[in-house]
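Examining the three-dimensional arrangement
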Amino acid sequence: MIAQILFIIILAAAIYLFSKNAGKIRRNILLGKDTDRSDNPALRWKTMAKIALGQTKMVKRPLAAVMHFFIYAGFIIINLEVLEIMIDGVFGSHRIFSKPLGSLYDLLIGGFEFLALLVLVACITFLSRRNIARLKRFSGVEMTEWPRSDANYILIIEILLMTAFLTMNAADHKLQLLNFGHYIKAGSFPVSSFIAPMLPDGASSLEMIERGCWWFHIVGILAFLNYLPYSKHFHILLAFPNTYYSNLHPKGQLTNMASVTNEVKAMLDPSFVPETAGEPGRFGAKDVTDLTWKNLMEAYTCTECGRCTSVCPANITGKLLSPRKIMMDTRDRITEVGNNIDKHGKDFKDDKSLLDNYITREELWACTTCNACTDACPVNINPLEIIIEMRRYVVMEESQAPASLNNMFSNVENNGAPWKYSSADRLNWKENI
Amino acid sequence: MNHEPLTVPTVAEMAAEGKKPEILFWVGCAGSFDERAQKITRDICKILNHVGIGFAVLGTEESCTGDPAKRAGNEFLFQMQAMANIQVLDAYEIKKIVTGCPHCFNTIKNEYPGLGGNYEVIHHSQLIQQLIDEGKLKAEGGESFKGKKITYHDPCYLGRGNNVYEAPRAALEVLDAELVEMKRCKSNGLCCGAGGAQMFKEPEKGKKDINIERMTDVLESKASVVAAACPFCMTMLSDGVKNENKEQEIQVLDIAEITVRANGL
Ligand code: SF4
Ligand code: SF4
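Bear in mind the structure is a predicted one, so any value in this text is a computation, not a measurement.

1. Quick look at the site of ligand 1
- Within the structure, ligand 1 sits among C312, P313, L321, P323, C367, T368, T369, C370, N371, A372, C373 and I387 of chain A.
- When grouped by side-chain class, the residues that make up the shell around ligand 1 number nine nonpolar, three polar and no charged.

2. Quick word on the site of ligand 2
Residues and elements named next belong to chain A.
- Lining the immediate environment of ligand 2, one finds C302, T303, E304, C305, G306, R307, C308, R324, M327, C377, P378 and I381.
- Of all the secondary structure elements, the ones that give two or more residues to the shell around ligand 2 are α11 (307-311) and α13 (323-344).
- Residues of the shell around ligand 2, tallied by class, amount to seven nonpolar, two polar and three charged.

3. Considerations on the domain arrangement of chain A
Residues and elements named next belong to chain A.
- If you check the domain split of chain A, you get domain 1 (1-30 + 61-244) and domain 2 (281-418).
- If you look at the interface, domain 1 gives 22 residues, while domain 2 gives 28 residues.
- Taking both partners together, domain 1 and domain 2 bury about 2200 Å²; carbon and sulfur atoms supply 55% of that area.
- Its largest share of buried area at the contact with domain 2, domain 1 owes to I29, E142 and N242, together 30% of the area lost on that side.
- Summed over the shared surface of domain 1 and domain 2, the number is 12 residue pairs in polar contact (both at pLDDT 80 or more).
- Those elements that place two or more of their residues in the side of domain 1 that touches domain 2 are α1 (2-29) and α8 (235-244).
- When residues of the side of domain 1 that touches domain 2 are assigned to their parent elements, the largest contribution, six residues, is made by α8.
- Residues that form the side of domain 1 that touches domain 2 fall into these classes: 11 nonpolar, five polar and six charged.

4. Description of the nonpolar core
- L405 and F409 of chain A together with F25 and I97 of chain B are the most contacted members of the largest nonpolar core, which totals 150 residues.
- Considering every element that reaches this core, the biggest residue donor is helix α17 (residues 383-397) of chain A, with nine residues.
- What L405 of chain A contacts, discounting residues up to four positions off in sequence, is W365 of chain A together with A72, A197, F200 and K201 of chain B.
- Counting residues in hydrophobic clusters, the runner-up holds 36 residues, among them F7, V82, M168 and F189 of chain A.

Definitions and limits used
- Residues numbered from 1 in each chain as written.
- Chains lettered and ligands numbered in written order.
- Predicted model: local features only at pLDDT ≥ 70, side-chain atom pairs only at ≥ 80, totals over all residues.
- Heavy atoms only, no water.
- Near = heavy atom within 4 Å.
- Nonpolar A, V, L, I, M, F, W, Y, C, P; charged D, E, K, R; others polar.
- Helix = DSSP H or I, 4+ residues; strand = E, 2+ residues; numbered from the N terminus.
- Domains from an automatic or database assignment.
- Contact = heavy atoms within 4.5 Å.
- Buried area = accessible area lost by both parts, 1.4 Å probe.
- Polar contact = N/O pair within 3.5 Å; in protein donor to acceptor, adjacent residues only side chain to side chain.
- Core = buried A, V, L, I, M, F, W, Y, C linked by side-chain atoms within 4.5 Å.
- Buried < 20%, exposed > 50% of the residue type's maximum accessible area, 1.4 Å probe, protein only.

The following block contains the structure:
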């Protein structure tokens, strides 16, 4: 009885805390400007199914893809098992699904054990890639202390959780063989039966181990849930909405700023009256709140995998730009803005901004807009859009483009070409035939 | 080689005769002014003349699409250019456009519709593919590429930007040549370093320039011809080859030039 009450209290607290923190992230995302991503739901569902559920963009790196798939499948399927743990925890029952499911239950538990083993293998592989093989992709200026330990924490937590799960089953298995207490014969233990010989033979110590692992496993999962909002591992949730709201246009297409269209039309035709007299706002983005909610959602979805950065031509050739850093900076800044709101109220402004305090101009001007990053991202994140928005701010609000680009602008404006040639000479190429 | 004189009417000239072109050839700024790109422009005209497509160019009425301005963040300048161009195109009731540059292609195809300019836009590699499919271009009677190692450099704005990967390759497949792919190709291709207005400024400081990095892929492929499909890539790749002192061994040719040579036009 006490155990049940304790369990319900922990469960409720975990759910409350998680929804509070997830709610904060939601609020932060909605600090972004509006953008319409509601068109073409059929294609959106399809994109989500392919990319988030089907993980089709992971396959470019086969080892990572297979290992990630183990963890991913393990995560989803073991959650079914967590459902049983929850019910058992609340009602004080034991393996409640075993009766109604019968032999299917044995099969399921056996399957879960294999998955747990695969997850263990994958986590150990990932840990050694990061810490022993030291893949270049996982270094870089933006990969500071926190992102690196974040990744390690998660992998270690998963290893502990899976070990607890298997040890729990091993003890349960032994207790079943002893016909001890309520430990009915249920489940099959293809993996944990190898652990069983290592456990003591006394029923009471076995029960202690079984209970201990049960609590560790479930409390661990709830703690993990509450760690997510502070971690890049939030992607296990956000990958789904993030891919649903993907950019469906050709990658080469940049948005046409509607506010500019109105001004240009008014310049060309003084009698033109814009349809929507929206607030004037800023051209481009200086800070995170000038970006759209989709940009901000992407910042929280970024898994810091560095696939974008490893294909970025600017980064490859040693320039400062790293598209991953653009995403991480955006997340750090919007989190900071959100914390300011929590502390000082919603009108509080600090004297910082995404531009200059986080992202330098040198980074912005190094981009060739080649879309290698957007193509490489396994969850369809678009760092390029943020870069362009910030260039827009620098050029249109501040007139601070590099001098050579200003030259190009005036050539286009005066001669209709980015070079200093007269438009009267446009057909000269015909001459040398 | 035979040298029929090229006929390149402007849309205005055609209009004066009460005619409209079947297709408008959008030459682009590089194609108009850059010496190397001018050759490609003429070759595209040769192809159009050869197959008898009634085309025209805007000539002095053409203006920059606004692509470099837009990607550098100057949306005002871009939209001014776009609206002015759309006015000209619509005045001549242009329906179909072929471009000699992936940047013009992308901008007119994807970004003009939102500003009221709706046209069917194709890149010259797509036109060439179509003509090959129709049997109008054969890769016979001209320079033989037999036994040559040819590789193709994907322009970002054609490949990743618009998913055009096959058309330019189709133009090479008809040649009796050995086609090799570079290590980084198709959606994994490496940028030449010129897009996003980089063409018009010095690169930021780093270990090396992007076109030099791309040369490692070219050299590794051991190709003697690098096929390009974009005037900016052409500049960058040619500079890269020069930088390696390999002008004697490696030629950089546009898909249109290769087609013209193979067909003996
Ligand atoms: S689009 Fe820009 S940031 Fe993205 S890979 Fe290309 S150069 Fe890098
Ligand atoms: S933006 Fe995408 S590719 Fe880049 S680090 Fe984040 S998740 Fe990985």
